[in-house]
Amino acid sequence: MRILVTGGAGFIASHIADAYINAQHTVAVVDDLSTGKRENVPQEAQFFEVDIRNSNALRKVFEDFNPDVVNHHAAQASVPRSSKDPQYDASVNIIGSINLLLLSAEFGVKRFIYASTGGAVYGEPQQLPVNEDHPLMPTSPYGISKMVVEHYLRFFGREQELSWVALRYGNVYGPRQDPTKGAGVVAIFAARMLRGERPIIYGDGSAERDYIYISDVVAANIAALKHGQGPLNIATGKPTSVMQIYEAVSAVLGWDKGFEKRPMRPGEVQRVSLSVTQAYKTLNWEPQVGLEEGVRKTVDWVRANIDRL
Ligand code: NAD
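Residues numbered from 1 in each chain as written. Predicted model: local features only at pLDDT ≥ 70, side-chain atom pairs only at ≥ 80, totals over all residues. Heavy atoms only, no water.

(A) View of the overall build of the protein. Counting secondary structure elements, the protein contains 10 helices and 13 strands. Taking 2.2 N^0.38 as the reference for a compact globule, 309 residues should give roughly 19 Å; the C-alpha atoms of the protein span a radius of gyration of 18 Å, in line with that estimate. Judged by the C-alpha coordinates and their principal axes, the protein covers about 55 × 40 × 40 Å. Buried residues in the protein amount to 56% of all 309 residues. In the protein, of all internal contacts separated by at least 6 residues, the share reaching a separation of at least 24 is 78%. Surface accessibility of the protein: about 13300 Å² in total, with carbon and sulfur atoms responsible for 48%. (Helix = DSSP H or I, 4+ residues; strand = E, 2+ residues; numbered from the N terminus. Rg over C-alpha atoms; globule rule 2.2 N^0.38 Å. Buried < 20%, exposed > 50% of the residue type's maximum accessible area, 1.4 Å probe, protein only. Contact = heavy atoms within 4.5 Å. Areas by Shrake-Rupley, 256 points an atom, 1.4 Å probe, with all protein chains shown as cover.)

Below, the structure written as structure tokens:
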């Protein structure tokens, strides 16, 4: 298949692009390199340095590459930045996505895979673990923009018969996560400890998230080429506190100098874990990597790359 991966210079989608190439697909990457790095784009992939807000430039990509599948990961992906600059967040995450959907419909794309977020679209959950039928009550502009695009997917699915799936990830972690970009607590803690600086914990450390390792997210994106329809949680179903992450990273690095405490940031959810029953049923997918193994691999990568981060 010919697969257009947006955001393929970034953390998650660069791994997906690698996996699609390994599976013998033809891959092109669209990325404006605003947070992504050129070196993350696989050499075998055609690369278009394009801002998804620029629909004329995007049209040329579709004319040139003519994709069968669009895997859409390009986004403004930071919750704090979305609170500070909701216009920028909406322009990239909503308008950029609409540009892609319009072109996908026009160029007869057969399948649209969208990177959504289980950590931010539900808001503060009414019950745990949250399943896909839970009301969407996002508490940040980022969660709002991700939710809105799911509604556009439903619209394009109905009006244009576009086949789509929205993968609502938990907190994804793993190699290539850039600790300088305001997201990714495992990499951020590891980088600070490796520099001899105490990690910062916002709130009292009891905030719980559902952490999912990158290779499990990649496996879901492989399965989603053929299976699944609508929104699907991609996570572990298990809550892990920020303090547990701090302890896990400390254990790998032998860190004993403690942490700094700061007030909780606006827009952050206090507790979330995501039911993955639906992904198991429709994608025949379940997470394979436990927290200890995932944290160790991530810390190893940060250690090997600390001079470039
Ligand atoms: P990332 O910042 O590493 O990747 C995003 C990529 O999109 C970057 O390479 C960036 O340069 C590119 N991009 C940003 N704006 C663009 C624009 N206007 N035009 C073209 N390219 C643009 O972040 P990530 O963590 O890899 O996230 C990838 C996707 O997964 C995002 O859609 C994000 O919302 C979603 N997601 C991430 C997580 C997580 O825990 N990391 C959780 C849920 C959902």
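(B) Inspection of the site of the ligand at higher detail. In the neighbourhood of the ligand, 28 residues make up the surrounding shell, with Asp 31, Thr 35, Tyr 142, Lys 146 and Val 172 lying closest. Ile 12 has a polar backbone atom sitting 2.9 Å from an oxygen atom of the ligand. The contact in question runs from a nitrogen atom of the ligand to an N or O atom on the side chain of Asp 51, over 2.8 Å. Taken by itself the ligand offers 820 Å² of open surface, and the protein chains cover 92% of this. Of all the elements, strand 5 (residues 111-117) adds the most residues to the shell around the ligand, at three residues. Residue composition of the shell around the ligand, grouped by class: 14 nonpolar, 10 polar and four charged. (Near = heavy atom within 4 Å. Polar contact = N/O pair within 3.5 Å; in protein donor to acceptor, adjacent residues only side chain to side chain. Nonpolar A, V, L, I, M, F, W, Y, C, P; charged D, E, K, R; others polar.)

(C) Molecular detail of the pattern of salt bridges. Evaluated as defined, the whole model comprises 13 salt bridges. When the shortest N-O distance is used, the salt bridge between Arg 176 and Asp 18 registers 2.9 Å. With Arg 176 in the loop between strand 7 (171-173) and helix 6 (185-194) and Asp 18 in helix 1 (residues 11-22), this pair connects stretches of sequence that are 158 residues apart. What makes Arg 176 partly exposed here is its relative accessible area of 24%. Note that Arg 192 and Glu 197 form a salt bridge whose closest N and O atoms lie 3.8 Å from each other. Classification of Glu 197 by relative accessible area gives partly exposed; the value is 34%. (Salt bridge = Lys/Arg side-chain N within 4 Å of Asp/Glu carboxyl O.)

(D) Molecular detail of helix 8 (residues 242-253). Taking 1.5 Å of rise per residue, the 12 residues of helix 8 would be expected to cover 16 Å, and the 17 Å separating its terminal C-alpha atoms lies within 8% of that figure. Here helix 8 has its buried residues at Val 242, Ile 245, Tyr 246, Ala 248, Val 249 and Ser 250. Backbone geometry just downstream of helix 8 places Gly 254 in the positive-phi region, at approximately 65°. (Expected span 1.5 Å × (residues − 1).)

(E) Region of the structure containing the pairing of strand 2 (residues 26-31). For strand 2, the tally of buried residues reaches five of six residues, placing the bulk of the element in the interior. Bridging between strand 1 (residues 2-6) and strand 2 involves five bridges; their strand directions are parallel. Of the residues in strand 2, the one forming a bridge with Leu 4 is Ala 28. The parallel pair strand 1 and strand 2, bridged by helix 1, forms a crossover whose chirality is right-handed. Where strand 2 and strand 3 (residues 46-49) come together, four bridges link them in parallel fashion. By the bridge assignment, Val 30 is partnered in strand 3 with Phe 48. (Pairing = 2+ DSSP bridges. Right-handed = clockwise from strand over helix to strand, strands pointing away.)

(F) Expanded view of the nonpolar core. By size, the foremost hydrophobic cluster in this structure holds 70 residues, and its most contacted members are Leu 167, Tyr 169, Phe 189, Ile 234, Val 249 and Leu 283. Per-element tally for this core: the top contributor is helix 1, with eight residues. In contact with Phe 189, not counting residues within four places along its chain, are Pro 199, Ile 200, Ile 201, Val 242, Ile 245, Tyr 246 and Val 249. The next biggest cluster of nonpolar side chains, apart from the first, holds 26 residues, and it includes Leu 4, Ala 28, Phe 65 and Val 149. (Core = buried A, V, L, I, M, F, W, Y, C linked by side-chain atoms within 4.5 Å.)

Scope: geometric values only; no functional claims are made or implied.
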